[in-house]
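Structure assessment
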Amino acid sequence: MDTVAEWNPTAFRRIMGLFVTGVTVVAVDVPEGVHGMTANAVASVSLDPMLVLVCVDRRARMHEQLAVGRVYSINILREDQEPLSRYFAGRWPQTAPPEFHFHRWEHGPLLVGALATLGCQMERLLEGGDHTIVLGRVTGLHQGETGRPLTFFGGRYRHLREPDEYVGPPADEWTHESVRIYYDET
Ligand SMILES: Cc1cc2nc3c(=O)[nH]c(=O)nc-3n(C[C@H](O)[C@H](O)[C@H](O)COP(=O)(O)O)c2cc1C
């Protein structure tokens, strides 16, 4: 077992990148339409009351939109929405944006085609170093289209895959008889 040699934010980011996450687009209504930001620093906090957190970089334009009481949404992306993740992360190479649409919803902008959307209201803004932790009260739940989630691991987008073939009984169904040990017979 090795301890990572470097001690810096890049190493921290690399290690945290081993914690697999989904990918969301956090969205707020703005006078020009909707402002969205790709985020994976998202976690559920409490069931009663229902609270969720998202960490927003102080340098992000989204940061200017943070205010207690503000309505926003957290849209959980499907795997075919990778282009939207890139676009809302400011990493879209083309001039024309990918196709997307937000529905008006009283609980926040609802991204069409997302796996699910949480409608939220900003409850508290907590200092978190170079990020602000937005603690939100969940005010609306929307289950969207069925499908697989977009995931992020090791700094790359990944697609969840179940094994195609059934390979045997689950481990808790093994019996003594089904476990065979082969010794070297020579
Ligand atoms: C997979 C992925 C996850 C991200 N997660 C976050 C996050 O949780 N918080 C954050 O502030 N930025 C995150 N970012 C970076 C922002 O999406 C990016 O800085 C974006 O351009 C900020 O948008 P804005 O400045 O238009 O508000 C993430 C980027 C990617 C690609």
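The structure contained in this document is the topic of the report that follows. (Residues numbered from 1 in each chain as written. Predicted model: local features only at pLDDT ≥ 70, side-chain atom pairs only at ≥ 80, totals over all residues.)

Brief notes about the overall build of the protein chain
Secondary structure assignment for the protein chain yields 2 helices and 12 strands. Out of the 186 residues in the protein chain, the part that is buried amounts to 23%. Within the protein chain, contacts between residues at least 6 apart in sequence are counted, and of these 64% link residues at least 24 apart. (Helix = DSSP H or I, 4+ residues; strand = E, 2+ residues; numbered from the N terminus. Buried ≥ 20, exposed ≤ 12 C-beta atoms within 10 Å, placed from the backbone. Contact = placed C-beta atoms within 7 Å.)

Comments concerning the site of the ligand
Taken together, 16 residues form the shell around the ligand, and within it Ala39, Ala41, Asp57, Met62 and Gly90 come nearest. Elements with a minimum of two residues in the shell around the ligand: strand E3 (33–39) and strand E5 (51–57). Its residues assigned to classes, the shell around the ligand shows 10 nonpolar, 4 polar and 2 charged. (Near = placed C-beta within 6 Å. Nonpolar A, V, L, I, M, F, W, Y, C, P; charged D, E, K, R; others polar.)

A short note on unusual backbone geometry
With omega at 5°, the peptide bond leading from Asp48 into Pro49 counts as cis. Turning to its location among the elements, Pro49 is positioned in the loop between strand E4 (42–46) and E5.

So, the nonpolar core
Val25, Val26, Ala27, Met37, Val54, Leu77 and Leu111 are the most contacted members of the largest nonpolar core, which has 27 residues in total. For Leu111, the residues in contact, after removing those within four places along its chain, are Val25, Ala27, Asn75, Phe100, Phe102 and Thr117. (Core = buried A, V, L, I, M, F, W, Y, C linked by C-beta atoms within 7 Å.)

Here's the deal with the environment of Ile74
Along the chain, Ile74 falls in strand E6 (residues 71–76). Each C-alpha atom of the pair Ile74 and Ala39 lies 8.8 Å from the other, and the pair is 35 residues apart in sequence. Excluding residues within four positions of it along the chain, Ile74 makes contact with Thr24, Val26, Val42, Val52, Val54, Leu118 and Cys120.

Quick word on the sheet that holds E6
Read across the sheet, 7 strands follow the order E3-E2-E6-E9-E10-E5-E4 without closing on themselves; strand pairing throughout is antiparallel. One side of each edge strand has no neighbouring strand; the edge strands of this open sheet are E3 and E4. On average, each strand axis in the sheet is inclined to that of its neighbour by 35°, with strand direction left out of account. In the sheet, E5 pairs with strand E10 (residues 131–143) via 7 bridges, with the strands oriented antiparallel. Of the residues in E10, the one forming a bridge with Leu51 is Arg137. (Pairing = 2+ DSSP bridges. Axes fitted to C-alpha atoms, helices over the stretch in contact; angles between N-to-C directions.)

Describing the environment of Met62
By secondary structure assignment, the location of Met62 is in the loop between E5 and E6. Taking the C-beta count within 10 Å as the criterion, Met62 has 22 such neighbours and is therefore assigned buried. On a C-alpha basis, the gap between Met62 and Met37 in space is 6.8 Å, while along the polypeptide they are 25 residues apart. Among residues more than four places away in sequence, those in contact with Met62 are Val26, His35, Met37 and Val56.

Remarks on the sheet that holds strand E11 (residues 150–153)
In space, the 3 strands of this open sheet follow the order E1-E11-E12, with antiparallel pairing throughout. Each of the sheet's edge strands pairs with one partner strand only, and the pair in question is strand E1 (21–22) and strand E12 (156–159). Two elements, E1 and E11, share 2 bridges in a ladder whose sense is antiparallel. By the bridge assignment for E11, Gly22 is matched with Thr151.

A closer look at the pairing of strand E9 (residues 116–128)
Where E6 meets E9, 6 bridges bridge the pair, whose relative direction is antiparallel. Across the sheet, Tyr72 pairs through a bridge with Cys120, a residue of E9. Bridging between E9 and E10 involves 12 bridges; their strand directions are antiparallel. Its bridge partner lying in E10, Ala116 is registered against Gln143. In textbook terms, the turn of a hairpin is the stretch between consecutive antiparallel strands, and for E9 and E10 this stretch comprises 2 residues, one of which, Gly129, has a positive phi near 65°.

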